[in-house]
Amino acid sequence: MASTRDVRTDLSIRLAAADDDAFILGLVGRFVEFELPPWRRRGECAQGIRSDIERHLAEQPPGSHVFVAENEDGERVAFLHLQVVTDYFTAAQNCHISDLAVAPGFDGQGIGATLLAHAEAWARAHHCRHLTLAVFPGNARARALYEHHGFGVDVLRMAKPVR
């Protein structure tokens, strides 16, 4: 759980609007800026992420919620995509952080921590049992942030290329 000292009170977090699409899609590259597993291709991963986000922005399916964070100057600095999902083991309702990206130049300023706190509060308000996310092993900065805020490994997904 994020402590109150980690949460920035000068950020405004709101539901994304249609004019936020370009900003959100402009951050897709942030999801592949680190070492990927050897069988993953950077461009292929980025395109898959982009396609998924585009679909959610266009279709706005039930249970999908995209938020944008703005600083005091009204400048967009990050986005957060939450999805309500059913837990495989318990059938309970969980909140999954599908995407969280901070704009270049705003790293290390507590924006990610503030979005995690927002996600947790949202999940609590919507009676979710767990807050989940997935992260590439090579994304050390994100993993450290998540672990600092109480996330731990639940199910370890493993992959092997089939040739």
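Thresholds, definitions, all that
Residues numbered from 1 in each chain as written. Predicted model: local features only at pLDDT ≥ 70, side-chain atom pairs only at ≥ 80, totals over all residues. Heavy atoms only, no water. Helix = DSSP H or I, 4+ residues; strand = E, 2+ residues; numbered from the N terminus. Expected span 1.5 Å × (residues − 1). Buried < 20%, exposed > 50% of the residue type's maximum accessible area, 1.4 Å probe, protein only. Contact = heavy atoms within 4.5 Å. Pairing = 2+ DSSP bridges. Core = buried A, V, L, I, M, F, W, Y, C linked by side-chain atoms within 4.5 Å. Phe/Tyr/Trp six-rings, centres within 6.5 Å; stacked < 30°, edge-to-face > 60°. Salt bridge = Lys/Arg side-chain N within 4 Å of Asp/Glu carboxyl O. Axes fitted to C-alpha atoms, helices over the stretch in contact; angles between N-to-C directions.

**Examining helix α3 (residues 111-125)**
Logical step 1: Its 15 residues place the ends of α3 21 Å apart at the C-alpha level, agreeing with the 21 Å of an ideal helix rising 1.5 Å per residue.
Logical step 2: α3 sits mainly inside the fold: eleven of its 15 residues count as buried.
Logical step 3: Within α3 the residues assigned to the buried category are Ile111, Gly112, Ala113, Thr114, Leu115, Leu116, Ala117, Ala119, Glu120, Trp122 and Ala123.
Logical step 4: Check the buried side of α3 and you find it contacts β1 (12-15), β2 (64-70), β3 (76-86), β4 (93-102), β5 (131-133) and α4 (140-148).

**Observations concerning the pairing of β2**
Logical step 1: Most of β2 is tucked away: six of the seven residues are buried.
Logical step 2: Across four bridges, the pairing between β1 and β2 is antiparallel. Pairing of Leu15 across the sheet is with Phe67, part of β2.
Logical step 3: For β2 and β3, the ladder comprises seven bridges, and the chain directions are antiparallel.

**Description of the nonpolar core**
Logical step 1: Core analysis: the biggest nonpolar cluster contains 42 residues, and Ile53 and Ile97 have the highest contact counts within it.
Logical step 2: Mapped by element, the contributors of at least two residues to this core are α1 (21-25), α2 (42-59), β2, β3, β4, α3 and α4.
Logical step 3: Looking at this core element by element, the count peaks at six residues for α3.
Logical step 4: Non-local contacts of Ile97, meaning those with residues more than four positions away in its chain, are made with Leu80, His81, Leu82, Leu116, Ala119, Leu131, Thr132, Leu133 and Phe151.

**So, the packing of aromatic side chains**
For any pair of aromatic rings, geometry is given as the distance between the ring centres together with the angle between the planes.
Logical step 1: Tallying each qualifying case throughout the model produces four aromatic pairs.
Logical step 2: For the pair Phe31 and Phe79, a centre-to-centre distance of 6.3 Å together with 80 degrees between the ring planes defines the contact as edge-to-face. Note that Phe31 is positioned in the loop between α1 and α2 and Phe79 in strand β3, a separation of 48 residues in sequence.
Logical step 3: Residue class for Phe31 comes out buried when judged on its relative accessible area of 13%.
Logical step 4: Exposure remark for Phe79: the relative accessible area of 1% places this residue in the buried category.
Logical step 5: Centroid distance Tyr88 to Phe89: 5.1 Å. Interplanar angle 90 degrees. Geometry classified as edge-to-face.

**Details of the side chain of Arg30**
Logical step 1: Mapped onto the elements of the fold, Arg30 is located in the loop between α1 and α2.
Logical step 2: Contacts of Arg30, omitting those with residues within four sequence positions, involve Ala101, Val102, Ala103, Pro104 and Asp107.

**Points about the pattern of salt bridges**
Side chains that carry opposite charge are capable of pairing whenever their charged atoms lie near each other.
Logical step 1: Applying the stated criterion to the full structure yields ten salt bridges.
Logical step 2: Between Arg14 and Asp20 there is a salt bridge, with the nearest N and O atoms lying 2.6 Å from each other.
Logical step 3: For Asp20, a relative accessible area of 0% puts it in the buried group.
Logical step 4: Note on Arg14: relative accessible area 24%, which makes it partly exposed.

**Considering the environment of Glu54**
Logical step 1: Along the chain, Glu54 turns up in helix α2.
Logical step 2: Along the sequence, Glu54 and Arg129 sit 75 residues apart, while their C-alpha atoms lie 28 Å from each other.

**Re the sheet that holds β4**
Logical step 1: On the basis of which strands lie adjacent, the open sheet formed by five strands has the order β1-β2-β3-β4-β5 and mixed pairing. Only two strands of the sheet have a single neighbouring strand rather than two, namely β1 and β5. Between one strand and the next, the sheet's axes are offset by a mean angle of 30 degrees, whatever the strand orientation.
Logical step 2: On the sheet, α3 packs against β1, β2, β3, β4 and β5 and is oriented at approximately 30 degrees with respect to β3.

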